Amino acid sequence: MTRVAVIGAGCTKLDEHWDKSLRDLSTEAGVLALKDAGLEGKDIQALYIGNMSAGRFIGQEHLAALTVDHAGLTPIPATRCEAACASGALAFRKACMAIKSGEYDIVVAAGAEKMTDIKGTSAISTLMGAGDQEWESAVGLTFVGLYALMTNAYMREFGLTREELALVPVKNHKHGLNNPYAQFNKEITVQDVLNSPLIADPLRLLDCSPITDGAAAVILASERAARKFDNPVWVLGSGQASDTLALHSRASLTEMLAARVASRKAYEQAGLGPDKIDVAEVHDCFSIAEVLAYEDLGFANKGEARKLLINNETAIGGRIPVNTDGGLKLGHPVGATGIKQIIEIVKQLRGRAVTQVKDAKTGLTHNVGGSGATALVHIFGSE
Amino acid sequence: MVHSSIPLFWRLRKAKYRLEGTKCRKCKSVFFPPRSFCSRCRRKGEIECFPFSGKGTIISYTIIRTPPEGFEKQSPYAVAIVKLDEGAQISGQVIGDLKEVETGKRVSAVFRKMYEDGPQGVINYGLKFALTG
Ligand SMILES: [Zn+2]
């Protein structure tokens, strides 16, 4: 089976793009990725696009066909992948598999979401489509509500304080201060987090990722095709796992089993463990999600994630810098997020990130769908 | 809102009005929300109707202050994950004083108005929980 490499990457600014439609955003990201690779549209053999809910956000289904149509890439095969907020990483994994199958040499994996065409409460309800409509949405739960339930359970079980939890957004805002693609470039303090309005107790506004429009794309190549390009970033491992759709059906509220299983698979494939990861992008849709990710990915033992935060081990300069581009707090166009995370790791391994980790050779991405019913973990290496 | 469809509401009436869940005769797993297929035994399972008492314990909770569509008038409101005494876990609103809601407290299911489907729409009823001490 061939190895797979990322040979090009492109991302739109993460923002409220009132002047652009979804098709404009995905084309923009795709063109940037092709330019970066030094390729042309005619070189692309297939496209996979992650998108959570264009049907409810903009009333548009059949998104993959629209994407290749608008990019002038017809008649290549185009496939939409959906796993809520993990749709982007899912598209990436499907594109990798398509190349590994031997069917293609050059494939685009993209992600896109247009979330600001509808009003805020409708967006909240649409996002909650990732949960159990009959038994979670129907009682008035929201996504931040689900993560708040995890937060309360975790704080109670392991003694994490509200101040310690605030270190997650504080660190990520600091990391993303100079990120030109971020929706916000602003340093915040623990006090700012604690003073921001409560959204779902104990989570506050600055614990939450925003509503964002954006698209991201990467070009993937088989080993024989990738050899012709500068700085290919190799996919060393890919893991995906599932759990119960509803949070209430899980045995534990303080870990994501799907992320644990997916990461174990990815580490196994890559032939390395969490101690060998130089930089990681984790799915911090809400502050607690980053805390759980540290433990689910093996960066910390269960209940000990707080130590990484207190000792700045996941900050730039620390043992394992996490979310060097600012993470999801600085923009979360749900279907695009998984690809956006991969792009940051690609930049890090090429040595061209805005907030560069010195000599980064291996990187990891962790993309979660819903409250943890889907998780994907990818591991990358510069060799 | 998909969850306010009338056929859906009719389909779930036994679960929502009478707390009817299910149980697998083979492995003794109990399910609420009800499952028509045992997720442990799969095809070998034998699912039967199983009534729940509605009594349980809060294992985590939150106060929703930014509500989704249809719940705007009730906000802020408490939602908890309740471990039912018979064994399954379910999400539900907890009525009463928000300050009284805490992990570990005992609750009992009650039948209440859930949300309105617009000014001319259907009023949906369902399960909520009341603190019992
Ligand atoms: Zn069974």
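Further up the page is the structure itself.
Note that the structure is a prediction, hence the values are computed from the model and not measured.

What counts, and at which threshold
Residues numbered from 1 in each chain as written. Chains lettered and ligands numbered in written order. Predicted model: local features only at pLDDT ≥ 70, side-chain atom pairs only at ≥ 80, totals over all residues. Heavy atoms only, no water. Donors = N, O, S within 2.8 Å, 3.2 Å for Na, K, Ca; no water. Helix = DSSP H or I, 4+ residues; strand = E, 2+ residues; numbered from the N terminus. Buried < 20%, exposed > 50% of the residue type's maximum accessible area, 1.4 Å probe, protein only. Contact = heavy atoms within 4.5 Å. Buried area = accessible area lost by both parts, 1.4 Å probe. Salt bridge = Lys/Arg side-chain N within 4 Å of Asp/Glu carboxyl O. Nonpolar A, V, L, I, M, F, W, Y, C, P; charged D, E, K, R; others polar. 1 Å grid on protein atoms, 1.4 Å probe; cavity = no way out; pocket = protein on both sides within 12 Å on 5 of 7 lines; lining within 4 Å. Points joined across faces, edges and corners; volume = space filled by probe spheres on them. Pairing = 2+ DSSP bridges.

## A word on the coordination of the zinc ion
Residue and element names in this part refer to chain B.
Next, step 1: Summarising the metal site, the zinc ion is bound by the protein donors Cys24 (SG), Cys27 (SG), Cys38 (SG) and Cys41 (SG), whose distances to it range over 2.2 to 2.4 Å.
Next, step 2: All donors to the zinc ion come from one chain, and their sequence spacing reads C-x2-C-x10-C-x2-C. With Cys24 in strand E1 (residues 20-24) and Cys41 in the loop between strand E2 (30-31) and strand E3 (47-51), this residue pair connects regions lying 17 residues apart in the sequence.
Next, step 3: Relative accessible area serves as the criterion here: at 0%, Cys24 is assigned to the buried category.

## Looking at the side chain of Thr27(A)
Next, step 1: Along the chain, Thr27(A) falls in helix H1 (residues 22-37).
Next, step 2: Setting aside anything within four residues of it in sequence, one finds Thr27(A) in contact with His70(A) and Ala71(A).

## A look at the interface of chain A and chain B
Next, step 1: Chain A puts 31 residues into the contact, and the matching count from chain B is 36 residues.
Next, step 2: Taken together, the two surfaces of chain A and chain B that pack against each other cover about 2,800 Å², and 60% of this comes from carbon and sulfur.
Next, step 3: Contact with chain B buries area across many residues of chain A, yet Trp135(A), Val139(A) and His248(A) alone supply 25% of it, more than any other trio.
Next, step 4: Applying the counting criterion to the chain A and chain B interface returns two salt bridges.
Next, step 5: The residue Arg65(B) makes a salt bridge to Asp201(A) at a minimum N-O spacing of 2.7 Å.
Next, step 6: The set of elements that each furnish at least two residues to the side of chain A that touches chain B consists of helix H5 (120-127), helix H6 (143-158) and strand E5 (198-200) of chain A.
Next, step 7: Partitioned by chemical class, the residues of the side of chain A that touches chain B number 13 nonpolar, twelve polar and six charged.

## Focus on empty space enclosed by the protein
Next, step 1: Tallying each qualifying case throughout the model produces three cavities of 30 Å³ or more.
Next, step 2: By volume, the largest cavity amounts to about 160 Å³.
Next, step 3: What lines the largest cavity is a set of 16 residues, and nearest its centre among them are Asn179(A), Tyr181(A), Asp325(A), Glu344(A) and Lys347(A).
Next, step 4: Ranked by the residues each element gives to the lining of the largest cavity, the list is headed by helix H13 (residues 334-350) of chain A, at four residues.
Next, step 5: Considered class by class, the residues forming the lining of the largest cavity number seven nonpolar, five polar and four charged.
Next, step 6: When its volume is computed, the second largest cavity comes out at roughly 130 Å³.
Next, step 7: Lining the second largest cavity are 16 residues, and of these Trp135(A), Val139(A), Lys16(B), Met114(B) and Leu127(B) sit closest to its centre.
Next, step 8: Elements with a contribution of two residues or more to the lining of the second largest cavity: strand E6 (89-95), strand E7 (106-116) and strand E8 (123-131) of chain B.
Next, step 9: Residue composition of the lining of the second largest cavity, grouped by class: ten nonpolar, three polar and three charged.

## Regarding the sheet that holds E2(B)
Residue and element names in this part refer to chain B.
Next, step 1: Pairing in this open sheet of three strands is antiparallel, and the strands run E2-E1-E3 from one edge to the other. With partners counted over all chains shown, the strands left at the sheet margins are E2 and E3, one partner each.
Next, step 2: When E1 meets E3, the two strands line up antiparallel, connected through five bridges. Looking at the pairing, Glu20 lines up with Pro51 of E3.

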